[in-house]
Amino acid sequence: MAKLVFDAPVLVFGGPYSNLRATEAMRAEAQRRGISASHVICTGDVVAYCAEPEETTQVVRGWGCHVIAGNCEEQLAAGAQDCGCGFEEGTACDLAAKGWYPFANQRISADSRAWMQGLPSTLDLRIGGVSARVIHGGTSVVNKFVFASQSALLKTEMADEACDLIIAGHCGIPFTASVGRKTWFNAGVIGMPANDGTADVWYGLIEPVDGGVKLSTHRLSYEHRAAAAAMRRWAYADGYATSLITGIWPSFDVLPTTETAATGKKLRSRAAFVAAKDAAAAALKSAS
């Protein structure tokens, strides 16, 4: 696939998670900001925990934004019997997945499965002189969880990447981390809150500026009580329905110690700058 080139802001979001109302709110926010579908990227897991998998898929498809395959798309496209999320066998997350994944699997149409099967696993792009790769979880393992506190893992994940910027999803909590001259940007997800005690969900912006790009994370409010009510009508994943209201995850199985300790602490929107390689080289030369 050819590299995408952007000269205007790009909106990035992850994990719609079958949350129709959040997905519709995300599309409305993009329109409010004047960002067209051609400048919107979804990092995968269109379908997961919430109650409207087919409806959410149809909204994303109709929107026409760029989408890569998350582990859920890979599994649903293949007709697999589990989500392939990377949860350890027997954990609370694994047991919960045995409820929501069959629910989603029964409701996805053959046409949507075919669409999922055709999704790329990554995207390469260039914006503001910065080269970037969009992935779902890890750089080589689609369902790998990568969090901000895992500096050694981040270094390993980015070691063999030629690009300046990795744009990722899967872990569910927004963050930006730099290792040397490479940056990892996770815009968060829109289908579930970020375990910070608020019902808001998260997305990101990548904006070209002189000499590079500005990365920023942003809250998004939506009709979360209606989304929770839609789940409870089916009574298959009440822990996740409760999370939509409380902003606290039903299990911390996948979280490192640092992120677990931050449970219920309200996140702040953050911004960071990534310099283009040519700009960085020019600055280094002028300083020598």
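Fair warning: this is a prediction, and the values are worked out from it, not measured in the lab. Sequence order sets the numbering: in each chain, residues are counted from 1 along the sequence as written. With pLDDT at 70 or above as the cut-off, local features in this predicted model cover only qualifying residues; side-chain atom pairs require 80 or more to be listed or tallied, and sums for whole chains, interfaces and linings still use all residues. Only hydrogens and water are removed before side-chain values are computed, so all heavy atoms of the structure are retained for them.

Visitor: Can you lay out the overall build of the chain for me, pointing to particular residues and giving the numbers?
Guide: Each helix is a run of H or I in the DSSP string that is no shorter than four residues. Each strand is a run of E no shorter than two, and both are numbered from the N terminus. Helices and strands together make up the secondary structure of the chain, namely 10 helices and 12 strands. A compact globule built from 288 residues would reach a C-alpha radius of gyration of about 19 Å, and the chain, at 18 Å, matches this within 12%. Here the C-alpha coordinates of the chain stretch approximately 65 × 40 × 35 Å along the principal axes. Between buried and exposed lies partly exposed: a residue is buried under 20% and exposed over 50% of the maximum accessible area for its type, with that area taken using a 1.4 Å probe on protein chains only. A buried classification covers 55% of the 288 residues belonging to the chain. For this analysis, residues touch if any pair of their heavy atoms sits within 4.5 Å. If you take every contact in the chain between residues at least 6 apart in sequence, the share linking residues at least 24 apart comes to 71%. Carbon together with sulfur atoms contributes 52% to the accessible area of the chain, which is approximately 12,000 Å² in total. For the radius of gyration, the atom set is restricted to C-alpha positions; the globular benchmark scales as 2.2 Å times the number of residues to the power 0.38. Surface accessibility in these figures is a Shrake-Rupley result with a 1.4 Å probe; residues are shielded only by whichever protein chains are displayed.

Visitor: Can you explain helix H3 (residues 71-78)? Please cite residues and give values.
Guide: In terms of burial, H3 is a largely internal element, six of the eight residues being buried. Looking one or two residues beyond H3, the residue adopting positive phi is glycine 79, at roughly 70°.

Visitor: Which residues make up helix H8 (residues 238-246), and what values go with them?
Guide: Along H8, the residues that are buried comprise Tyr240, Ala241, Ser243 and Leu244. The arc enclosing the buried residues of H8, seen along the axis, measures out at 155°, which places them on a common side. Directly after H8, the chain includes glycine 247, whose backbone phi takes a positive value near 80°. The arc refers to the directions leading from the helix axis to the C-beta atoms.

Visitor: Talk me through the confidence of the model for the chain; I want residue IDs and the actual numbers.
Guide: The quantity called pLDDT is the predictor's confidence in a given residue, expressed from 0 to 100. Averaged over all residues, the pLDDT of the chain is 92; the fraction at 70 or higher stands at 94%. Long-range and interchain partners of residues 280-288, a stretch whose pLDDT sits below 50, account for two contacts in this model, where long-range means more than four residues apart.

Visitor: Can you explain the packing of helix H2 (residues 53-63) against helix H5 (residues 110-117)? Please cite residues and give values.
Guide: How two helices sit against one another is set out by the angle between their axes and by the gap between those axes. Only the contacting stretch of a helix is used when fitting its axis, a line to C-alpha atoms as for every element, and angles between N-to-C directions run 0 to 180 degrees. Close contact between H2 and H5 brings their axes to 11 Å; oriented N to C, the two are set at 55°. Between H2 and H5, the angle is such that the two are oblique. The handedness of the crossing between H2 and H5 comes out as left-handed. The residues of H5 that touch H2, namely those facing Glu54, Thr57, Gln58, Val60 and Arg61, are Asp111, Ser112, Trp115 and Met116. Oblique is the label for any angle not under 35 degrees, not over 145, and not in the 65 to 115 range, which are roughly parallel, roughly antiparallel and roughly perpendicular in turn. Should the near helix be turned counterclockwise from the far one by less than a right angle, the crossing is left-handed, whereas a clockwise turn marks it as right-handed.

Visitor: So, the sheet that holds strand S2 (residues 10-13): which residues are in play, and what are the values?
Guide: Should DSSP find at least two bridges between two strands, the strands are taken to pair. The strand order across the open sheet built from six strands is S4-S3-S2-S10-S11-S12, with neighbouring strands paired in mixed fashion. Edge positions in the sheet fall to strand S4 (66-67) and strand S12 (271-275), since each has one partner strand and no second. Of the strand pairs in this sheet, S2 and strand S3 (residues 40-42) are connected by three bridges, and their pairing is parallel. What sits directly across from phenylalanine 13, in S3, is cysteine 42. Packed onto the sheet, helix H1 (residues 20-32) meets S2, S3, strand S10 (201-209) and strand S11 (212-220) and runs at close to 135° relative to S11.

Visitor: How would you sum up the pairing of S2? Please name residues and give values.
Guide: On S2, burial covers both faces: Val10 and Val12 on one face and Leu11 and Phe13 on the other are all buried. Looking at chain direction, S2 and S10 are connected through three bridges and run antiparallel. Across the sheet, valine 10 pairs through a bridge with isoleucine 206, a residue of S10. Chirality of the crossover, the property in question, places the unit of S2, H1 and S3 among those that are right-handed. Seen with the strands pointing away from the viewer, any crossover whose path from the first strand over the helix to the second strand runs clockwise is right-handed.

Visitor: Outline unusual backbone geometry, supporting the account with residue identities and numerical values.
Guide: With a phi angle near 65°, serine 18 is a residue other than glycine that sits in the positive phi range. Secondary-structure assignment places serine 18 in the loop between S2 and H1.

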